[in-house]
Amino acid sequence: MTLGAERRLGDQIARELYRDPDYLDDPVLQEYVEGIWQQLIQAARQRGELTPDQDERFAWQVLLGKDRQVNAFALPGGYMGVYLGLIAIVANRDELASVLGHELSHITQRHISRMMSKDSQQTPLLVAALILAALAASKSPDAASALVVGGQALTVQNQLKFSRDMEREADRVGYGVMTQAGFDGQGFVTMFDKLQQASRLNDNGAYPYLRSHPLTTERIADMQARQELRPGSKLAVPTTLEHALIMARARAISADNIELQRQRQAEPDGAAFRQQPPVRQAQALYGAALASMQLRDWQKARDAVNRLQPLVQSSPEALRLQRLLVAELDLATGKPATAAALPMGAGVRRPELLLGTQGRLALGGVDQAEQTAEALQTWVTVHPHDGTAWQWLSRAWGAAGKPLRGLRAEAEAQVAHFDYSGAMDRFKAAQDMVRRGGSAAADHVEASIIDARTREVASLLREQAAQR
Ligand SMILES: [Zn+2]
């Protein structure tokens, strides 16, 4: 399978994942995971594991899923899926980097295409359906693992398992990449310990990662031997304040029932809370604030955020997360000024940009909307695949009284998630708007961009159809 073919397959799978109600673009969690992912990619480049060809052709994109289960999976074409359940249990960045580094190595070592070409009879569409079915099956372990696709009965779990040799290679290469990236190799060992404990509890249902990555004594021994060669390597890496809050965020957002949210909300009121170290207290308060927001218990959320404030002063990263949380809470309670005051100039970070956009649009005003649109426009020029940013840009242009630009941004949001027919609908609506005349017709630059993009996307749509 060529890199190009694998990428097209990956795009097809990503397109379905973007549509899945479980897909989540939480800017704070996305930025955190992507930060680690990019560090690993950089290290893989330096080590020559990631070839310039792969670098150029693959997507290198992380997609988050709201699921509470512990799982992460490499997908064809350089995509990487991560469930919030994994983020919720890793005690530090190094543990998360060990899993992502292992998965990244499945991609760079071309394990996916090697696995696929075992059965060259399968069409890309069938393979895409197979992978999506395997993902769905991993979410509900009781679901039948045999699935009928295109008239063929396929045993999903067995088809998508990497071989033992591939797993060994992903461990070895992943360890090299993550330590080169500056992460502590001890994260690999403690992550294995964590997975081993989970498998001893025989509760693999919550850990689909264990089913696709069975822990053999050989894998564990290999890793311990590798780590023992490093001086001063025995100490477990502590949980930083920032990481503790990220774990709490993943837990709160993935909590899918009210009972769990109530438990999180009540945690800082329990007797055990006072005995906890400050990092754990901060974690409980951040989680309680988010749980209270989901329960729409605004007073409780406010209390938790206020109690959190003195605990995060020692860490600029944790303080930033607390401030973003205050802006979120204020926005939810009809006080958009806090979010609106977030920076949006050069060097802006994505969570500030997107939350700030919501604040400024909620405040209203055409000039404000226009400035916001300009900031977002600059962002999408650098990040054209950021569908969420395109979506907000569409609203910002609408609020600034430029509906033609709004329509085009909405079309681009669909393109970013590979929904070319959805994009064509919007491009055609935009062309109609120009034909009707008025102010839209006067925007000549935008009108000609729309014509050019309509032709490009029409050809992408034909290509997509031809693959079926
Ligand atoms: Zn693996």
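Residues numbered from 1 in each chain as written. Predicted model: local features only at pLDDT ≥ 70, side-chain atom pairs only at ≥ 80, totals over all residues. Heavy atoms only, no water.

## A word on the overall build of the chain
On a plain count of helices and strands, the chain comes out with 25 helices and six strands. Since a compact globule built from 468 residues should have a radius of gyration of about 23 Å, the 23 Å found for the chain is in line with a globular shape. In terms of overall dimensions, the chain has a C-alpha envelope of 70 × 60 × 45 Å along the principal axes. Taken across its 468 residues, the chain has 54% of its residues classed as buried. Summarising the internal contacts of the chain: among those between residues at least 6 apart in sequence, 68% fall at separations of at least 24. A total of about 20,700 Å² of accessible surface is found on the chain, and carbon and sulfur atoms cover 51% of it. In the chain, which carries 53 positive and 54 negative side-chain charges, the distance between the mean positions of the two groups comes to 1 Å. (Helix = DSSP H or I, 4+ residues; strand = E, 2+ residues; numbered from the N terminus. Rg over C-alpha atoms; globule rule 2.2 N^0.38 Å. Buried < 20%, exposed > 50% of the residue type's maximum accessible area, 1.4 Å probe, protein only. Contact = heavy atoms within 4.5 Å. Areas by Shrake-Rupley, 256 points an atom, 1.4 Å probe, with all protein chains shown as cover. Lys, Arg positive; Asp, Glu negative; His and termini not counted. Charge placed at Lys NZ, Arg CZ, Asp CG, Glu CD.)

## Let's talk about the sheet that holds strand β4 (residues 79–83)
The strand order across the open sheet formed by four strands is β1-β2-β4-β3, and the pairing between neighbours is mixed. On the outer flanks of this sheet lie β1 (23–24) and β3 (72–75), each paired with one strand and no other. Across the face of the sheet, helix α2 (residues 27–46) comes into contact with β1, β2 (61–65) and β4 while running at roughly 140 degrees to β2. (Pairing = 2+ DSSP bridges. Axes fitted to C-alpha atoms, helices over the stretch in contact; angles between N-to-C directions.)

## Considerations on the coordination of the zinc ion
Summarising the metal site, the zinc ion is bound by the protein donors H102 (NE2), H106 (NE2), E167 (OE), E167 (OE) and H213 (NE2), whose distances to it range over 2.0 to 2.7 Å. When the donors of the zinc ion are listed by position in the chain, the intervening gaps give H-x3-H-x60-E-x45-H. Placement of H102 in helix α5 (residues 93–108) and of H213 in the loop between α11 (208–212) and α12 (217–228) is noted, with a sequence separation of 111 residues between them. We classify H213 as buried; its relative accessible area is 3%. (Donors = N, O, S within 2.8 Å, 3.2 Å for Na, K, Ca; no water.)

## Observations concerning the nonpolar core
Soluble globular proteins tend to pack their nonpolar side chains together in the buried interior. If you look at the biggest cluster of nonpolar residues, it comprises 118 residues, and the most contacted ones within it are W37, L40, V82, L86 and L100. Take this core: its biggest share by element is ten residues, from α2. Among residues more than four places away in sequence, those in contact with L86 are Q69, V70, N71, A72, L96, V99 and M191. (Core = buried A, V, L, I, M, F, W, Y, C linked by side-chain atoms within 4.5 Å.)

## Section: the confidence of the model for the chain
Within the chain, residue pLDDT values average 89, and 91% of them lie at 70 or more. Low confidence marks residues 142–158, where pLDDT is under 50. Its contacts with residues over four positions away, or in another chain, come to 23 contacts. (pLDDT = per-residue confidence, 0-100.)

## Quick word on unusual backbone geometry
With a phi close to 50 degrees, W60 is a non-glycine residue in the positive phi region. Following the sequence through the fold, W60 ends up in the loop between α3 (52–57) and β2.

## Quick look at the packing of helix α15 (residues 278–294) against helix α17 (residues 316–332)
In the contact formed by α15 and α17, the axes pass within 11 Å of each other and the chain directions differ by 15 degrees. Considering the angle they form, α15 stands roughly parallel to α17. Seen from above, α15 lies across α17 with left-handed handedness. Judged by residue contacts, Y286, A289, L290 and M293 of α15 engage L321, L325, E328 and L329 from α17. Class assignment of the residues belonging to the contact of α15 with α17 gives a composition of seven nonpolar, no polar and one charged. (Parallel < 35°, antiparallel > 145°, perpendicular 65-115°, else oblique. Left-handed = near helix turned anticlockwise from the far one by under 90°. Nonpolar A, V, L, I, M, F, W, Y, C, P; charged D, E, K, R; others polar.)

## Looking at α15
The terminal C-alpha atoms of α15, which comprises 17 residues, lie 24 Å apart, in line with the 24 Å expected from a rise of 1.5 Å per residue. By the criterion of burial, α15 is predominantly enclosed, with 13 of the 17 residues buried. (Expected span 1.5 Å × (residues − 1).)

## Some remarks on the packing of aromatic side chains
The full count for this structure, using the stated rule, is seven aromatic pairs. Taking 6.5 Å as the distance between ring centres and 85 degrees as the angle between the ring planes, the aromatic pair formed by F418 and Y420 counts as edge-to-face. Taken as a pair, F418 and Y420 share a single burial class, namely buried. By the ring-pair criterion, three or more aromatic residues cluster together here, those being W37, F58 and W60. Looking at R93, its charged tip hangs above the ring of Y32, at a distance of 5.5 Å from the centre. For R405, the ring lying beneath its charged end belongs to W397, and the centroid distance is 5.1 Å. (Phe/Tyr/Trp six-rings, centres within 6.5 Å; stacked < 30°, edge-to-face > 60°. Lys NZ or Arg CZ within 6 Å of the ring centre and 35° of its normal.)

## Regarding the pairing of β2
Within β2, four of the five residues are buried, leaving the element largely enclosed by the surrounding structure. Two elements, β1 and β2, share two bridges in a ladder whose sense is antiparallel. By the bridge assignment for β2, L24 is matched with L64.

## Points about α2
Relative to the 28 Å expected for 20 residues at 1.5 Å per residue, α2 spans 28 Å between its end C-alpha atoms, a close match to the ideal helical length. Within α2 the residues assigned to the buried category are P27, V28, L29, Q30, Y32, V33, I36, W37, L40, I41, A43 and A44. Of the residues one or two after α2, G48 is the one with positive phi, at around 75 degrees.

## Thoughts on the packing of α5 against helix α10 (residues 186–200)
Contact geometry of α5 with α10 gives a least axis separation of 8 Å together with a crossing angle of 85 degrees. Taken together, the axis directions place α5 and α10 in an arrangement best described as roughly perpendicular. Across the interface between the two elements, D94, E95, S98, V99 and H102 of α5 pack against G187, F188, T190, M191 and K194 of α10.

## Topic: the pattern of salt bridges
One pass over the full model with this rule turns up 30 salt bridges. Across the salt bridge formed by R110 and E6, the nearest N and O atoms sit 2.9 Å from each other. Of this pair, R110 sits in the loop between α5 and α6 (111–117) while E6 sits in helix α1 (residues 3–19), placing them 104 residues apart in sequence. E6 carries the same exposure label as R110, and that label is buried. When the shortest N-O distance is used, the salt bridge between E16 and R15 registers 3.6 Å. Residue class for E16 comes out partly exposed when judged on its relative accessible area of 29%. Within this structure, R405, R408, E412, D443, E446, R453 and E456 form a network of salt bridges that share partners. (Salt bridge = Lys/Arg side-chain N within 4 Å of Asp/Glu carboxyl O.)

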